[in-house]
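Structure assessment
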Protein chains: 2
Amino acid sequence: MRIAVVGAGALGLYYGALLQRSGQEVHFFLRRDYQAVKERGLKVFSVNGDFHLSEVNAWRTPEDIGPVDLVLVGLKTFANDSFSRLITPLLGERTMILTLQNGLGNEEELARLFGGERIIGGVAFLCSNRGEPGEVHHLAAGRIIVGEHLPLDHSRIEELVAMFVAAGVDCRGSDDLRRARWEKLVWNIPFNGLCALLQQSVDRLLAVEATRSLVRELMLEVIEAANMQGVKKPIPASYAEEMLEFTDNMGVYRPSMQIDREEGRELEIGAIFRTPLRFGAGVGASMPRVEMLATLLEQATNPPRR
Amino acid sequence: MRIAVVGAGALGLYYGALLQRSGQEVHFFLRRDYQAVKERGLKVFSVNGDFHLSEVNAWRTPEDIGPVDLVLVGLKTFANDSFSRLITPLLGERTMILTLQNGLGNEEELARLFGGERIIGGVAFLCSNRGEPGEVHHLAAGRIIVGEHLPLDHSRIEELVAMFVAAGVDCRGSDDLRRARWEKLVWNIPFNGLCALLQQSVDRLLAVEATRSLVRELMLEVIEAANMQGVKKPIPASYAEEMLEFTDNMGVYRPSMQIDREEGRELEIGAIFRTPLRFGAGVGASMPRVEMLATLLEQATNPPRR
């Protein structure tokens, strides 16, 4: 399959490298890493084993790549206003667009621009970061759940799952992409939000009964809003307790949004908080704590006016 | 009137100095400032005019002071477990105890220890801080609203009001101390809490619509809980908007809890948040945002476990 990776941060570089290693024709649209990858290829340092791709199709513009079978979108969600410019040159008649981005609203925006029938969503559980130019570090996990934005032809999902599995990725299909996205938010909203706001790792929140309760209450607000969206099978309230116990086992873990804040990068508050809040409000869900957390995060990272 | 000041921080030193200047017999129980005050007296730098008391009754123990007519309590509320030790030696048959402390629960605790009939509450609106030992700075305001903990003999209130007014304090009596306390919380909970958490002055919160709304929502939760306590005259919801506009005029103002946090001092989260939440829960008031703010403040100032 001819694949273009758009948004080649840690996630795009990692999955793109795995796909190329498994024999797919992968083209990377690169900015920061272009020169390094062109000269020395791409190095992957992974808990599953390091590897080096010495020859990589690296490009400076999407026009240089041209139409592909699959666009793999790994952009940070605050760059979604670049979709049209970056993706249009990659589209042929039957090109699929798979977004592995965080949060909600990405499929909807892609569908609005390029037609919903092309759009596949993937929920990625990946812990990775960029190193030096031309390098990517895979620290843990990596599972992807993929599903159609519009349920038209589930065989596309089977094909993508098979492709990822052949590349060594733990991947499965879902017939309820919306539920998969919201399930991830049940974890992401409290832990990314509170850890970024307080600049404390997950273990510190879980060790204190009041913050542990707050995490649980945030999760229950997300679960209720998710179920009001019309998911096929409701997320049970017990999922919150499962996620708490799952996180107890993660030890001194810093969620990506905490790391982004500590390193002064922009946070994905829109996709992870504001869009879910808007979707929640659209069905009458009450999310006072999630709303408050979003506001506090925005304000904490809002530079003072001059 | 023979008066003992217990908890001679900025508030105790300031009001005590005004009372002494007006002719009352004031005794100060001092720790940090003892030596300086003994040697050089007490200097008050005030927006209403500086003054110096060269002779001050300064004592190292409450036993040295003995029974008085009025105990003026200015302790930080997290020191309330010293009430018994510090106040018992000051009590005679008819001694009144006036607490000018922050938040809720102080009168109740004093009443439990010393009998409710002695207890008068005062809600102080004072902007002051300590300077060098033997000095106190009065920056703005200073109004006190006093009321009986148990409505027994309103003439005591009239006497105290007259005494403070004679000392140059803007003072008035209230027949609903509970309402006065809660009214102050309508401001204190959102502004002290959010400014301390975010380490931003009030103007920055008010300049952004999302944080301004959050301040309003916190105020409305406090107003609802206040009214459910059985105040004589409900606080109208419009009081929130009044307080927002009042605060718009304060400019770059840092509430005391923000300053306390920035200077590494302990915060009065119990009296300003946890006790009001407990009183609210006792009458079935829902305060999810206030509760979340309390939890975040505690966690933000909670040192990591070793």
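An account of the accompanying structure is given in this report. Note that the coordinates shown come from a computational prediction; the quantities given were computed from them, not determined experimentally.

Rules of the game
- Residues numbered from 1 in each chain as written.
- Chains lettered and ligands numbered in written order.
- Predicted model: local features only at pLDDT ≥ 70, side-chain atom pairs only at ≥ 80, totals over all residues.
- Heavy atoms only, no water.
- Least-squares fit on C-alpha atoms with pLDDT ≥ 70 in both.
- Contact = heavy atoms within 4.5 Å.
- Helix = DSSP H or I, 4+ residues; strand = E, 2+ residues; numbered from the N terminus.
- Salt bridge = Lys/Arg side-chain N within 4 Å of Asp/Glu carboxyl O.
- Buried area = accessible area lost by both parts, 1.4 Å probe.
- Polar contact = N/O pair within 3.5 Å; in protein donor to acceptor, adjacent residues only side chain to side chain.
- Nonpolar A, V, L, I, M, F, W, Y, C, P; charged D, E, K, R; others polar.
- Buried < 20%, exposed > 50% of the residue type's maximum accessible area, 1.4 Å probe, protein only.
- Core = buried A, V, L, I, M, F, W, Y, C linked by side-chain atoms within 4.5 Å.
- Pairing = 2+ DSSP bridges.

A separate point is the relation of the copies chain B and chain A. Of the two same-sequence chains, chain B is brought onto chain A (RMSD 0.0 Å, axial shift 0.0 Å) by a rotation of 180°. Such values leave the two copies arranged in the relation of a two-fold axis. The position closest to the rotation axis in chain B is occupied by the C-alpha of B:Arg289, lying 3.3 Å away. The share of interface residues of chain B whose copies in chain A are also at the interface is 100%, consistent with both copies meeting through the same surface.

This part covers the environment of A:Gln24. All names here are of chain A. Position of Gln24 relative to the elements: it lies in the loop between helix H1 (10–21) and strand E2 (25–29). Residues Gln24 and Ile3 lie 21 residues apart in sequence; the distance between their C-alpha atoms is 7.4 Å. Excluding anything up to four places from it in sequence, Gln24 contacts Met1, Ile3, Leu19 and Met163.

With that settled, the discussion passes to the pattern of salt bridges. As enumerated under the stated definition, the model contains 38 salt bridges over all chains in all. For B:Arg156, the salt bridge goes to B:Glu148, with nearest N and O atoms at 2.9 Å. A single salt-bridge network, built from bridges that share partners, covers A:Lys76, A:Asp260, A:Glu263, A:Arg265 and A:Glu268.

Counting residues at the interface gives 25 residues for chain B and 25 residues for chain A. Between chain B and chain A, roughly 2,100 Å² of surface is buried when both sides are summed, and carbon and sulfur atoms account for 69% of that area. At the boundary of chain B with chain A, the tally comes to 0 salt bridges. If you look at where chain B meets chain A, you find 6 residue pairs in polar contact (both at pLDDT 80 or more). Elements that contribute at least two residues to the side of chain B that touches chain A include exactly helix H7 (177–198), helix H8 (202–206), helix H9 (209–228) and helix H13 (288–300) of chain B. Sorting elements by how many residues they give to the side of chain B that touches chain A places H13(B) first, with 9 residues. Across the side of chain B that touches chain A, the residue classes tally to 15 nonpolar, 5 polar and 5 charged.

The next subject is the environment of A:His149. Residue and element names in this part refer to chain A. The residue His149 is located in the loop between strand E9 (135–148) and helix H6 (155–166) in this model. The exposure class assigned to His149 is partly exposed, which follows from its relative accessible area of 23%. The spacing of His149 and Glu117 is 32 residues in sequence and 7.3 Å in space, taken between C-alpha atoms. Leave out the neighbours within four places in its chain, and His149 touches Glu107, Glu108, Ala111, Gly116, Ile119, Ile120 and Leu177.

Burial of nonpolar side chains together is a common tendency in soluble globular proteins. Grouped together as the largest cluster of nonpolar side chains are 84 residues, with contacts concentrated most on A:Phe273 and B:Phe273. Every residue in contact with A:Phe273, bar those within four places of it in the chain, is listed here: A:Ile189, A:Gly193, A:Met257, A:Val290, A:Leu293, A:Ala294 and A:Leu297.

Residue and element names in this part refer to chain B. Burial of the side chains of strand E7 (residues 96–99) extends over both faces: Met96 and Leu98 are buried on one face and Ile97 and Thr99 on the other. Summarising the sheet, strand E6 (residues 70–73) and E7 pair through 4 bridges and their orientation is parallel. Looking at the pairing, Leu72 lines up with Leu98 of E7. Of the pairings in the sheet, the one linking E7 to strand E8 (residues 119–130) comprises 3 bridges and is parallel in character. By the bridge assignment for E8, Thr99 is matched with Gly121.

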